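One-letter residues, chain by chain:
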Amino acid sequence: MTATDVELPPLLIEKAPSGLTLVAIQKRGLPLFHVRLSLPAGACEDPRGKAGLAQFTLDLLRRGTRRRPAHDVDEMIESMGAQLYADVSTEEAALALTVPAELSERAFDALLEVALEPAFEESEVAAARRRAIAGLQSDLDEPSTVAGRAVVSLGYGPGHPYAHPSQGFRRDVETFQREDALSFHATRYQQQGGLLAVVGQATPRELLEQLQRKLAQWESSWPGRSQRSALQFAALPPSQEMRAVVIHKPDATQAQVRIVSPGLPRSTPRYTEAVVSNTALGGGFTSLLVDAIRVDRGLSYSVSTRLHMNRRAGLSVFSSFTKNETLRELVDLALEKMRAYAASGPSEDALEKARRYLAGLFPLGLESHEALAEQVADALLDGLGLDHLRTYRSRVLAVTAAQARTMAAELSPARDGALLTVVGEAAAARRALNGLCPVEVRQLEEFA
Amino acid sequence: MPLSEKDFPVEERSLKNGLQIRLLRDNSLPVCTLYGFFRVGSRNERPGITGISHLFEHMMFNGSKKYGPKEFDRRLEAAGGTSNAYTSHDLTAYYEDFASEALPLVLDLEADRMASLIIDDSSLAREREVVKEERRFRTDNDIDGMMDEALGALTFLAHPYRWPVIGWMSDIEAITRQDCERYFRRYYAPNNCTLVLVGDFEADAAMREIERLYGGIAPGEPLPAVTTGEPPQKGARRAEIRYPSQAPALLAGFRGPSGRDPDSLVLDLIETALSSGEGARLKRALVYEQELCVDSHVYYGWRMDPGLFEISLKLNPGVDPQRAESSLWAELSRLSDEQISERELERAKNLVRNQLLRALATTNGRAHTIGQMEVMLGTWRAMLDLPDRYASITAADVQRVARKTFAPHRRNVVTLVPGEVEA
């Protein structure tokens, strides 16, 4: 361990015979207890033609269990002063609770009851379907949400397990029945591949024993493993020419802009090199792109590049927005700067700044009970191990100029064949993009 | 149970020029947060320069005597730190999160811009464009933003809470360099600032550095008081927005007390009972049972002067806003007509207490809470007593404050109706 490495708090990890990982982390200080359950039930597991089922199933968990109706479930959780965190990401479903330390037993039981014993009442399924459909339509009012949906839908290409937003599509959600949720829950909410983590004031040994007790108590409601077919990950569709998709938002005076190219999976051995290179290009507040677009020209309030890294594939995404009148100026400038960066990589100063920025701020991402549990869970489930966290700072500081330059070229969002997505007023956007690349106009409703 | 001063051993210091300093050491991680709270927000503006507090917040990152343009964040990030800021109706807050060894640099950066900010025409012109983009993003093309702006203008006839923090577009365009210079001299003096430092540092060394860097900055003149009050509301008010949206929406507002009024804490509990968690009253009734809304939110934030209790309903496509409005009034009447059960009151108290504890779980959260208490309630110690003060609130208090706040003649309602405005 070098001077720059991060010392994780005392913790114990145990793998149960079922394949469930147990994590017990001691965090002194405030009298809080956090429990987090991660399951291999993310959006990529949605069956074909059922985009959104993982999210739908998760939403239904708290709408009644085999022991109590929905209102009593809410009462059970919220009387502790807690709000249930429930989230579906591309890869997993996660449920979590943070409660005062003395309520740890109640929190454990509440979380496991919700996760493992949902009732999926017919009337609740029908109501959840109506809510989901209304929510999808309502989301069309938020240009940045539409842009986000378009990035994953179009960026990964048809048929790819990652090529839909976790909320799914209206056409699929309309078909959801009780049997869909039951079947998804039975096959995905299993112990194999799951992780149960706690963060509390007790010692890791005491916390682990509590985990083991709880696991034994709930064993009968929790299948160990189930049959499911492996996901098929095709390579992202190759494309030589840039193309633009404009999503028409009537009356918009501002255009949301995304430029997307294939990226890297999270398991890449070049993870830190990629992160450092991307930070110099479009992370932080002094990146090359923020400087050029916001500080020098005042074209936008927000400019960034992000690496969307999932376990099996990823995207490189440029994001910004500007008034309709300066859309072309912003796109031209972004492309010019990103292409130049792909050729040259970061300057020495920019590289050093990116390295120290990432290393300096890293401990803050492990500070709260919730963040600590999530980071440890992700490192283990993504197969990176705890050294990914412990040595992150020294690995970031060791990234060389040559490595950053290589990643700049390989990961630029503006590579040949990039996808330009604009959410805005179609006529204005079409005029602005004239002569840049082929432009296809799509209607907002297609992205519900 | 109150929070213990033993767990939050905040040191109170000050300089001769009036700069207030609050220090809280915690060496569990090699990081620090520094906040600078200035007692100025959009309530200190006037028509013609609305939005200057927020525009000025942007200008604070554009260079000072020692650290020129682009240097502030460049130096900070190169030392393992990040910065941000926000402006509200009542205050402007700047913060840095950073690796603890960068503390001398961070203090130097902050003191330098308080002592010698550079305001030039070209940086003002660029920053004005950035703020206009922010306004287009948060207000002109955002349903919540455009409704919130309309509600402020509807609810407040005279008080500066009438205009949005980001300001009217025509004022953003018209603010001059001279306006900014006057503003800086008046409001960015050390006697109008509270510094809060939390994290891994040595207190005496940090104080020596603060004294050295800030001690020579001259105090400003006493600030002009905000004297404009608000006449009593004598009847319900309504506004309508037509916009090509997918669904209608409703935003209701009721004038509330100032943050220092004890009833403010009662409204925190009412906010929680109505909207925190899936079992909250509005969510249960309007989202789950009656299926009128996609979502409901209630927002009540402490303000310096009597403020605003807001209820936002994002309606399901095709729902008649009047129907949703009637259901909303029925829920508010229930709070006024019937005492909340002890069980529900306890739920709200537990949620609020847990929220406070969670805010104190991070370095940034502790620094922000200490500064906010200092500026809004007059002392950071208020956070220690908060759990007990919430615990002492009774069901009768809730009913009394609900009756007073939600009386029909105090309603202000903005409705968003899908459709175009005819040219």
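Quick caveat, the model's predicted, so the values are computed rather than measured. (Residues numbered from 1 in each chain as written. Chains lettered and ligands numbered in written order. Predicted model: local features only at pLDDT ≥ 70, side-chain atom pairs only at ≥ 80, totals over all residues.)

### Examining the overall build of chain A
Applicable threshold: For the purposes of this entry, the term helix denotes a DSSP run of H or I that reaches at least four residues, the term strand denotes a run of E that reaches at least two, and both are numbered from the N terminus. For a compact globule the rule gives 2.2 Å times the number of residues to the power 0.38, and the radius of gyration it is set against comes from C-alpha atoms. With C-beta atoms placed from the backbone, a residue counts as buried when 20 or more other C-beta atoms lie within 10 Å of its own, as exposed when 12 or fewer do, and as partly exposed for counts between those limits. Throughout, a pair of residues is in contact if the C-beta atoms placed from their backbones lie within 7 Å.
Check the secondary structure of chain A and you find 17 helices and twelve strands. Rg of the C-alpha trace for chain A: 23 Å, near the compact-globule value of 22 Å for 448 residues, within the 12% margin. Across the 448 residues in chain A, those meeting the buried criterion constitute 53%. Within chain A, counting contacts between residues at least 6 apart in sequence, those at least 24 apart form 81% of the total.

### Brief notes about the domain arrangement of chain B
All names here are of chain B. What counts here: As used throughout, domain bounds are those supplied by an automatic or database domain assignment. Ten residue types, Ala, Val, Leu, Ile, Met, Phe, Trp, Tyr, Cys and Pro, are classed as nonpolar, four, Asp, Glu, Lys and Arg, as charged, and the remainder, Gly among them, as polar.
For chain B, the domain assignment lists domain 1 (11–214) and domain 2 (237–418). The distance between the C-alpha centroids of domain 1 and domain 2 comes to 28 Å. Examining the composition of the side of domain 1 that touches domain 2, we find that nine residues originate from one element, helix α5 (residues 143–155), more than from any other. In terms of residue class, the side of domain 1 that touches domain 2 is made up of 17 nonpolar, six polar and eight charged.

### Here we look at the interface of chain B and chain A
Counting residues at the interface gives 52 residues for chain B and 51 residues for chain A. Elements that contribute at least two residues to the side of chain B that touches chain A include exactly α2 (71–78), β4 (81–87), β5 (92–99), α4 (121–140) and α12 (342–359) of chain B. With nine residues, α4 of chain B is the single largest residue contributor to the side of chain B that touches chain A. Classifying every residue of the side of chain B that touches chain A by side-chain character gives 19 nonpolar, 14 polar and 19 charged.

### Thoughts on the sheet that holds strand β6 (residues 193–199) of chain B
All names here are of chain B. Quick note on the threshold: Two strands qualify as a pair provided DSSP detects at least 2 bridges between them. Axis lines are fitted through C-alpha atoms, for helices just across the contact stretch, and the angle between N-to-C directions can take any value from 0 to 180 degrees.
The strand order across the open sheet built from six strands is β1-β2-β6-β3-β5-β4, with neighbouring strands paired in mixed fashion. Two strands bound the open sheet, and with one partner strand each, they are β1 (11–14) and β4. Adjacent strand axes in the sheet meet at a mean angle of 15° when their direction is disregarded. In this fold helix α1 (residues 52–59) packs onto β4 and β5, with an angle of close to 165° to the strand it touches most, β4. Each of β1, β2 (20–25) and β6 is contacted by helix α8 (residues 203–214), which is oriented at about 155° to β2, the strand it contacts most.

### Looking at the packing of helix α1 (residues 53–61) of chain A against helix α4 (residues 122–139) of chain A
Residues and elements named next belong to chain A. This is how it is decided: These descriptions rest on fixed angle ranges, namely under 35 degrees for roughly parallel, over 145 for roughly antiparallel, 65 to 115 for roughly perpendicular, and the rest for oblique. Helix crossings are classified by the rotation of the near helix relative to the far one: an anticlockwise turn of less than a right angle makes the crossing left-handed, while a clockwise turn makes it right-handed.
Where α1 meets α4, the axes come as close as 10 Å, and the angle between the chain directions of the two elements is 125°. Considered as vectors, α1 and α4 are oriented oblique to each other. You can see that α1 and α4 cross each other, and the crossing is right-handed. Along its contact with α1, which presents Phe56, Asp59 and Leu60, the element α4 presents Glu124, Val125, Ala128 and Ala132. For the contact of α1 with α4, a count of residues per class yields five nonpolar, no polar and two charged.

### So, the domain arrangement of chain A
Residues and elements named next belong to chain A. Each assigned domain of chain A is listed here: domain 1 (11–221) and domain 2 (243–447). At the interface, 28 residues of domain 1 touch 26 residues of domain 2. At the level of secondary structure, the elements contributing two or more residues to the side of domain 1 that touches domain 2 comprise β2 (21–26), β3 (32–39), β5 (93–100), α5 (143–156) and β6 (195–200). Ranked by residue count, the leading element in the side of domain 1 that touches domain 2 is α5, at ten residues. Its residues assigned to classes, the side of domain 1 that touches domain 2 comprises 16 nonpolar, seven polar and five charged.

### Observations regarding the nonpolar core
Formally: Core membership is restricted to buried Ala, Val, Leu, Ile, Met, Phe, Trp, Tyr and Cys residues, and these are joined into a nonpolar core through C-beta atoms within 7 Å.
The biggest cluster of nonpolar side chains holds 203 residues, and the ones touching the most others in it are Ala107, Leu111 and Ala197 of chain A. Examining the composition of this core, we find that eight residues originate from one element, helix α11 (residues 327–344) of chain A, more than from any other. Residues within four places of alanine 107 of chain A in sequence aside, it is in contact with Phe33, Val35, Met80, Ala82, Leu97 and Val99 of chain A. Residues Met146, Ala249, Ala252 and Ile270 of chain B belong to the second largest nonpolar core, which totals 52 residues.

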